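Tertiary structure, described
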Amino acid sequence: MRRWMIGAACGLVMVLVVLAGGYFLMNSRTYQLAGRLVDRVETSDKIVALTLDDGPTDHAPEVLDLLAAAGVPATFYLNGRDLAARPELGRAIAAAGHEIGNHTYNHRRMVLVSPETVAGEVERTDAEIRRTGYRGDITFRPPYGKKLWTLPDYLSDHDRTTVTWDVEPEAGNSSTAEIVDAAIEQVRPGSIILLHTMFGSGAASRAAIGPIAATLRADGYRFVTVSDLLGRAGQS
């Protein structure tokens, strides 16, 4: 009986360790099991990338106007289903000179999914991105930043970069002033900033674009796209 209890306890500990490790891998912004993951680029230059997740939605024209007024190039991580539903918005983003990244077709959590599901989510979205007229590199960002093995394995096999972030000013903040203050406090040379601006709940984040840009510029920062930032990796 005692041996059985010890064996059961050891087995339970092993299960818990596996589960904890899987949870860490799924949510890590800085590590994945295969391929390239970038949450920030090591550089001494004061450059930063602004990334905007989800959509495009009807708020896209407003976002584009705010970026134009701020003089900021952004990287939009868009969903294939929304690009297919509103292709004119995708074309407007591309025509404005912004970078477009892949955020899956259906914005589903990319964990415990089949290789076929991963391929479909990524490749269908790539096709919609190309229909916008965008011709640059297409980096990838998993919805909610979640991934385990199948997604990183696919991206590694296709020489794709997973892009997360190191500045998340919306976390725990709801007002524009709080979002701006958090972004300024968290940013470092080579940072990747995450904002969600495409929905009604993103009004405070949309309003934060101008103040974030103005404050960081006054501190000597320059805004670049994610691909431009990745190209500066290791440079000083």
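In this report, the structure presented in the accompanying data block is examined.

Definitions and limits used
Residues numbered from 1 in each chain as written. Predicted model: local features only at pLDDT ≥ 70, side-chain atom pairs only at ≥ 80, totals over all residues. Heavy atoms only, no water. Helix = DSSP H or I, 4+ residues; strand = E, 2+ residues; numbered from the N terminus. Buried < 20%, exposed > 50% of the residue type's maximum accessible area, 1.4 Å probe, protein only. Contact = heavy atoms within 4.5 Å. Areas by Shrake-Rupley, 256 points an atom, 1.4 Å probe, with all protein chains shown as cover. Axes fitted to C-alpha atoms, helices over the stretch in contact; angles between N-to-C directions. Parallel < 35°, antiparallel > 145°, perpendicular 65-115°, else oblique. Left-handed = near helix turned anticlockwise from the far one by under 90°. Nonpolar A, V, L, I, M, F, W, Y, C, P; charged D, E, K, R; others polar. Polar contact = N/O pair within 3.5 Å; in protein donor to acceptor, adjacent residues only side chain to side chain. Phe/Tyr/Trp six-rings, centres within 6.5 Å; stacked < 30°, edge-to-face > 60°. Lys NZ or Arg CZ within 6 Å of the ring centre and 35° of its normal. Pairing = 2+ DSSP bridges. Salt bridge = Lys/Arg side-chain N within 4 Å of Asp/Glu carboxyl O. Arc of directions from axis to C-beta.

Let's shift gears to the overall build of the protein. A tally of regular secondary structure across the protein gives 9 helices and 7 strands. For the protein, buried positions account for 49% of its 236 residues. Sequence-distant contacts in the protein: of pairs separated by 6 or more residues, those separated by 24 or more amount to 76%. Counting every atom, the protein has about 11000 Å² of accessible surface; 56% of that belongs to carbon and sulfur.

Moving on, we come to the packing of helix α2 (residues 60-70) against helix α8 (residues 203-218). Look at α2 against α8: their axes get within 9 Å of each other, and the N-to-C directions meet at 15°. Comparing their axes, α8 and α2 come out roughly parallel. α8 is crossed by α2, and the crossing has right-handed handedness. Counting all contacts with α2, which are made through E62, V63, L66, L67 and A70, the residues of α8 involved are R206, I209, G210, A213 and R217. Of the residues belonging to the contact of α2 with α8, the class tally is 6 nonpolar, 1 polar and 3 charged.

Let us now look at the side chain of T139. Mapped onto the elements of the fold, T139 is located in the loop between α5 (115-131) and α6 (150-157). Assessed through its relative accessible area of 5%, T139 is described here as buried. A polar atom in the side chain of T139 sits 2.6 Å from the side chain of Y77. What T139 contacts, discounting residues up to four positions off in sequence, is Y77, E99, G101, N102, R160, T161, V163, V226, S227 and L230.

Another aspect to go through is the packing of aromatic side chains. Counting across every chain of the model gives 0 aromatic pairs. Stacked on the ring of Y144, the Lys or Arg R109 has its end atom at 4.0 Å from the ring centre. The ring of Y105 carries R124 above its face, with NZ or CZ at 3.7 Å from the centroid.

Time to look at the environment of R141. Within the secondary structure, R141 sits in the loop between α5 and α6. Judged by relative accessible area, which is 0%, R141 ranks as buried. Here the alpha-carbon distance between R141 and L37, two residues 104 residues apart in the chain, equals 9.6 Å. Here the side chain of R141 touches T164 through a polar contact of 2.6 Å, landing on its backbone oxygen.

Right, let's talk about the pairing of strand β2 (residues 47-53) for a bit. Burial analysis of β2 places 7 of its 7 residues in the buried class, the great majority of the element. With 3 bridges joining them, β2 and strand β7 (residues 222-224) adopt parallel strand pairing. The residue of β7 that forms the bridge with I47 is R222. With 5 bridges joining them, β2 and strand β6 (residues 191-195) adopt parallel strand pairing. By the bridge assignment, A49 is partnered in β6 with I192.

Here the focus is the pattern of salt bridges. Under the defined criterion, the tally for this structure stands at 12 salt bridges. Salt-bridge contacts for R86 lead to D58; the nearest nitrogen and oxygen are separated by 2.2 Å. Remark: D58 occurs in the loop between β2 and α2 and R86 occurs in the loop between α3 (80-85) and α4 (87-95); sequence separation between them is 28 residues. We classify R86 as partly exposed; its relative accessible area is 30%. A salt bridge links R131 to E128; the shortest N-O distance between them is 2.9 Å. Here E128 and R131 lie together in helix α5, a separation of 3 residues that amounts to about one turn. Three or more residues joined by partner-sharing salt bridges are found here, namely D58, R86 and E88.

Here we come to α6. Among the residues of α6, L151, P152, Y154 and L155 are the ones counted as buried. Seen along its axis, α6 keeps its buried residues to an arc of 160°; they face one direction. Here the buried face of α6 lies against α5 and β5 (161-163). Just downstream of α6 lies D159, where phi reads positive at about 55°.

Note that all results are geometric; they support no functional claim without further evidence.
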